[in-house]
Amino acid sequence: MTTTAPIAAAPAQPVEIEKIPDHRDRAREYAADFFAPPPPQIGTVISAESSLKQGKGGLPFIVRLIIALLAAGAVVAACMWAASGMRRQDGESLVIIGYIMAAIAAAIAMFVTRFKARCTYVGERGAIRYTLTRSRNATPKIELLLFDDAAEVHAAQTRQFLNGVYTHTAYDYDWTDAAGKRLLRVKGQHRGNNAPPKPGDAWHFANAAENAWSEHFLARAQQQLKDEGSIAFRIDKRRVVRVGPGFLEFHFGEAPQRVTAEEIASVGLGGGHFSFKHKDAKWYSRSGKYTFSYGAMGNGKVFLFALEKLMGYRWE
């Protein structure tokens, strides 16, 4: 849910927030300015972060303008220098291109130096992200996720390579309600490779929110297990996997296929994909083989937990 209106009255900056760890569950490395308070709707706050440092309010407009003009001037000067050694017609064309590139460079400089700050909280019952733009005194944009309203989260992470060399990891965390309406989305990229990204990256907020959501969802999963004998995990509109005590049940657009732990030949999780193979599956047939993306599955972390507790499979 996105809004710009105040959510609830609360102290401007409770002293207790300073004692709460960041989304990595560590002490913050600088004095953060929590420019908006955590709303009571998210319950007890587990972690908190703000990209705005105390006493900072962004670069003055005149400083940003000077930076933009310097960037534009450098581009024009470089093009004029290069044009001096060309034929007149070619040189004039290059100078015109230089002015166009200078305008683009100035726009990029203004964009990069703009004021923008985020303040995020993760609580036991929800998470919230405040975003300030233009100035410290602007009304923040509010994105509020209440776990009671959510049905699932899809958490996808993809490591990208170029010519075999790691470039970055793209991530996308998307919470939706039972009707499929988006409640909160946190996406971006980092260069942490196999390690977590640098402090302050939005991934830490998404990961902390997913952990808190998974703890919250476990209560529903346990009740579903009690009422229905298994827990359902949706992959897409036509595919569902159910996990029960000692069995998996695949609903993949045909008659449900139940496979017990004793009937499973192999289970794998590699490259972001789950794979399950029945002991009677043939190498030349797709029958008895089930594969799907971890990112496509709703509530993947709870699925991993259910596999461990109900099936005995565990991944580190």
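What you are looking at is a predicted structure, and each value in this text was computed from that prediction instead of being measured.

A. Structural view of the side chain of Arg 242. By the secondary structure assignment, Arg 242 is in strand β10 (residues 239-244). A distance of 2.5 Å separates a polar atom in the side chain of Arg 242 from a polar atom in the side chain of Glu 228. Not counting residues up to four positions away in its chain, the partners in contact with Arg 242 are Gln 224, Glu 228, Ser 230, Ile 231, Ala 232, Phe 247, Leu 248, Glu 249 and His 251.

B. Quick peek at the side chain of His 168. Relative to the helices and strands, His 168 resides in strand β7 (residues 165-176). With relative accessibility at 19%, the residue His 168 sits in the buried group. At a separation of 3.2 Å, a polar atom in the side chain of His 168 contacts the side chain of Thr 167. Residues contacting His 168, with those up to four places away along its chain left out, are Thr 158, Arg 159, Gln 160, Gln 189, His 190 and Arg 191.

C. Quick peek at the sheet that holds strand β12 (residues 257-260). The strand order β9-β10-β11-β12 describes an open sheet built from 4 strands, whose pairing is antiparallel. The open sheet has two edge strands, β9 (231-234) and β12, and neither has a second partner. Across the sheet, the mean angle separating the axes of adjacent strands is 20° when strand polarity is ignored. Of the strand pairs in this sheet, β9 and β10 are connected by 4 bridges, and their pairing is antiparallel. Within the sheet, the bridge partner assigned to Ile 231 lies in β10 and is Val 243. Packed onto the sheet, helix α3 (residues 202-228) meets β9 and β10 and runs at close to 120° relative to β9. Its contacts with the sheet put helix α4 (residues 300-311) on β9, β10 and β11 (247-252), and the angle it makes with β10 is roughly 40°.

D. Region of the structure containing the sheet that holds strand β6 (residues 152-162). On the basis of which strands lie adjacent, the open sheet formed by 3 strands has the order β6-β7-β8 and antiparallel pairing. Strands with a single pairing partner mark the edges of an open sheet, and in this sheet they are β6 and β8 (182-190). Averaged over all adjacent pairs, the angle separating strand axes in this sheet is 10°, with direction ignored. Bridge count between β7 and β8: 8 bridges; the pairing is antiparallel. If you follow Thr 169 over to β8, its bridge partner there is His 190. Sheet contacts for α3: β6, β7 and β8; angle to β7, the most-contacted strand, approximately 45°.

E. Broad picture of the nonpolar core. Ranked by size, the top nonpolar core spans 45 residues in total, and within it Trp 175, Val 241, Leu 248, Phe 250, Phe 276, Phe 292 and Phe 303 carry the most contacts. Looking at this core element by element, the count peaks at 10 residues for α3. Once residues within four sequence positions are removed from consideration, Leu 248 is found in contact with Val 241, Arg 242, Val 243, Gln 257, Arg 258, Val 259, Ile 264, Phe 276, Leu 307 and Met 311. Membership of the second largest hydrophobic core comes to 20 residues, among which are Phe 35, Val 45, Phe 115 and Ala 138.

Analysis parameters
Residues numbered from 1 in each chain as written. Predicted model: local features only at pLDDT ≥ 70, side-chain atom pairs only at ≥ 80, totals over all residues. Heavy atoms only, no water. Helix = DSSP H or I, 4+ residues; strand = E, 2+ residues; numbered from the N terminus. Polar contact = N/O pair within 3.5 Å; in protein donor to acceptor, adjacent residues only side chain to side chain. Contact = heavy atoms within 4.5 Å. Buried < 20%, exposed > 50% of the residue type's maximum accessible area, 1.4 Å probe, protein only. Pairing = 2+ DSSP bridges. Axes fitted to C-alpha atoms, helices over the stretch in contact; angles between N-to-C directions. Core = buried A, V, L, I, M, F, W, Y, C linked by side-chain atoms within 4.5 Å.

Take it as geometry only, folks, not as evidence of what the structure does.
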